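If you want the building blocks of each chain, they are given just below.
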Amino acid sequence: MPSPMIGAGILVVIILLAVLAPVLGGDPHLVDPANRLKPPSPQFALGTDESGRDLWTVLLFGAQTTLGIAGLCTLLAVAAGYVIGILCGYYRRFDAIAMRIIDGMMSFPNIILVMSLVGVLGAGMGPVIFGLTIVLVPAIARVVRGAALSAVGMPMVESVRSLGAKDGWILTRYVAPEAVSVLIVQTTLAFSQTVLSIAALSFLGIGLPPDIPSWGASLSAAQQYIYVGWWIAVFPGLAILLTVLGLVLIGDGLRDVFDPRAKRN
C-alpha cells in the first residue's frame, strides 16, 4: 500500500475520533480522585491520569483542540502566505521590503517566535492562534514567491504583458495558478508543524487555558508521574506521533505528484 494512502488512513481515523469525541468519550473535566493513576483496564481503556480523568476521553477531546486550532491556523497562514508570495514574485519593490521582513522572522526558531508573541499578547486562545499563524506565513510566502517568479518569467506572461494586459489579470490568470501545486504540499507541512507547536506550547504550560484538554498538557503532567503511570506519557505521545506521521506521509506523496524532479530523485 502506498505511503500516502497509509498517511491518509491514519489522519482520517484521528479526525473521525475527534469529531465523535462527545459520543465515544465522557466528560473530559470529570475528576475522580478515587480512580487516579489507574492502569489500562476494561473500565478505563487507556487508564486514568493524575486527577482521575479517563485518559481516553482526554485524548479524544485533545484531538479536537489540536486539530481544530492547527486547521484554522494553517488555513489563515496559507491564505496570507499565498497572497504575499504572489505579490512578492510579481512586484519587485514590494518583494524587496517584504522579503527582508520574512528573512528576519525566519532567523528565529518558530517555537521561540510563538512564545515571544504569546508572551507579549497574553495567554488565551486568540493569542495562540495569532502566534501560530504568523510563524507559518514566512515559509509559505517564500515557497509561493519562488513559483510566482518562475511564472512571471514565462514567455506567455511576457507576451500578454506586451499586449497591454493589466497586472490584476496577469496575476489571476497566469501567476496565481502556477503556485497552487507548491501550496498544496506546503499546507500539509504547515499543518504538521502546527500540531507539534501546539503540543510544545501546552507542554511548556503557556498559551492554551488549563481547562482545555490537549495532548501537550497531558505530556507535561506526565513528567511527575511517568514512573508510576507510564500510560500518561505513552498514549498522548503516540497520538502526536501518529498525527504528524500521517501528515508527513501525505505531504511526501503530494510532493511526488506535483514535483516530478523530487520523484526522480
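What you see is a predicted model; the values in this text were computed from it and never measured. (Residues numbered from 1 in each chain as written. Predicted model: local features only at pLDDT ≥ 70, side-chain atom pairs only at ≥ 80, totals over all residues. Heavy atoms only, no water.)

Another point: the overall build of the protein chain. Scanning the protein chain from terminus to terminus reveals 12 helices and zero strands. For the protein chain, the succession of helices and strands along the chain, N to C, is α-α-α-α-α-α-α-α-α-α-α-α. Overall size of the protein chain, expressed as C-alpha extent along the three principal axes, is 80 × 45 × 30 Å. The burial tally for the protein chain puts 43% of its 265 residues in the buried class. Counting contacts in the protein chain only where the partners sit at least 6 residues apart, residues at least 24 apart contribute 71% of the total. (Helix = DSSP H or I, 4+ residues; strand = E, 2+ residues; numbered from the N terminus. Buried < 20%, exposed > 50% of the residue type's maximum accessible area, 1.4 Å probe, protein only. Contact = heavy atoms within 4.5 Å.)

For Val12, the location among the structural elements is in helix 1 (residues 3-19). According to the relative accessible area criterion, Val12 is partly exposed, its value standing at 45%. For Val12 and Ile206, which are 194 residues apart along the polypeptide, the C-alpha to C-alpha distance reads 29 Å.

This part covers the confidence of the model for the protein chain. When pLDDT drops low, the exact placement of atoms in the prediction is not to be read closely. Model confidence for the protein chain is summarised by a mean pLDDT of 84, while 96% of its residues fall at 70 or above. Averaged pLDDT values over the elements of the protein chain bottom out at 47 in helix 12 (residues 260-264) and peak at 91 in helix 3 (residues 55-90). Here residues 260-265 is modelled with pLDDT under 50, and outside its nearest four sequence neighbours on either side it reaches three contacts, counting other chains as well. (pLDDT = per-residue confidence, 0-100.)

Let us look at helix 5 (residues 110-121). Between its first and last C-alpha, helix 5 extends 16 Å over 12 residues, near the 16 Å set by a 1.5 Å rise per residue. Every buried residue of helix 5 is accounted for by Leu113, Val114 and Val118. Down the axis of helix 5, the smallest arc covering the buried residues is 130 degrees, so these residues share one side. Exposed and oriented more than 90 degrees from the buried face of helix 5 are Gly119 and Val120. Looking at the buried side of helix 5, the elements it contacts are helix 4 (92-106), helix 6 (125-152) and helix 9 (180-204). Of the residues trailing helix 5, Gly122 is marked for its positive phi of about 100 degrees. (Expected span 1.5 Å × (residues − 1). Arc of directions from axis to C-beta.)

Tracing the backbone shows Gly62 in helix 3. The class of Gly62 is buried, set by a relative accessible area of 0%. Separated by 151 residues in the primary sequence, Gly62 and Pro213 have C-alpha atoms spaced 4.8 Å apart. Those residues within four positions of Gly62 in sequence are excluded, and the remaining contacts are Pro213, Ser214 and Trp215.

Right, let's talk about helix 4 for a bit. Between its first and last C-alpha, helix 4 extends 20 Å over 15 residues, near the 21 Å set by a 1.5 Å rise per residue. When helix 4 is considered as a whole, its buried residues turn out to be Asp95, Ala98, Met99 and Ile102. Tucked inside the fold, the buried residues of helix 4 contact helix 3 and helix 6.

With that out of the way, let us pick up unusual backbone geometry. In this structure, Leu37 takes a positive phi of about 55 degrees despite not being glycine. If you trace the backbone, Leu37 turns up in the loop between helix 2 (21-24) and helix 3.

Side chains of nonpolar character tend, in soluble globular proteins, to be buried together. Counting residues in each nonpolar core, the largest one holds 37 residues, and the members touching the most others are Ile69, Leu132 and Trp215. No other element matches the nine residues that helix 11 (residues 231-258) contributes to this core. Setting aside residues no more than four positions away along its own chain, Leu132 makes contact with Ile69, Cys73, Val114, Thr194, Ser197, Ile198 and Leu201. Membership of the second largest hydrophobic core comes to 23 residues, among which are Leu136, Ala151, Val160 and Leu171. (Core = buried A, V, L, I, M, F, W, Y, C linked by side-chain atoms within 4.5 Å.)

Here we take up the pattern of salt bridges. All told, the structure shown has five salt bridges when counted by the stated rule. The salt bridge partner of Asp103 is Arg142, with a shortest N-O separation of 2.1 Å. With a gap of 39 residues between them, Asp103 in helix 4 and Arg142 in helix 6 connect regions that are remote in the sequence. Judged by relative accessible area, which is 30%, Asp103 ranks as partly exposed. Members of the salt-bridge network, linked through shared partners, are Arg92, Asp95 and Arg145. (Salt bridge = Lys/Arg side-chain N within 4 Å of Asp/Glu carboxyl O.)

Right, let's talk about the packing of aromatic side chains for a bit. According to the stated counting rule, one finds three aromatic pairs in the structure shown. Between Trp230 and Trp231, the ring centres sit 5.7 Å apart and the planes meet at 80 degrees, which makes this aromatic pair edge-to-face. The partly exposed category is assigned to Trp230, whose relative accessible area is 45%. According to the relative accessible area criterion, Trp231 is buried, its value standing at 4%. A centroid spacing of 5.9 Å and a plane angle of 45 degrees characterise the contact between Trp230 and Phe235, whose relative ring orientation is tilted. The class of Phe235 is buried, set by a relative accessible area of 19%. (Phe/Tyr/Trp six-rings, centres within 6.5 Å; stacked < 30°, edge-to-face > 60°.)

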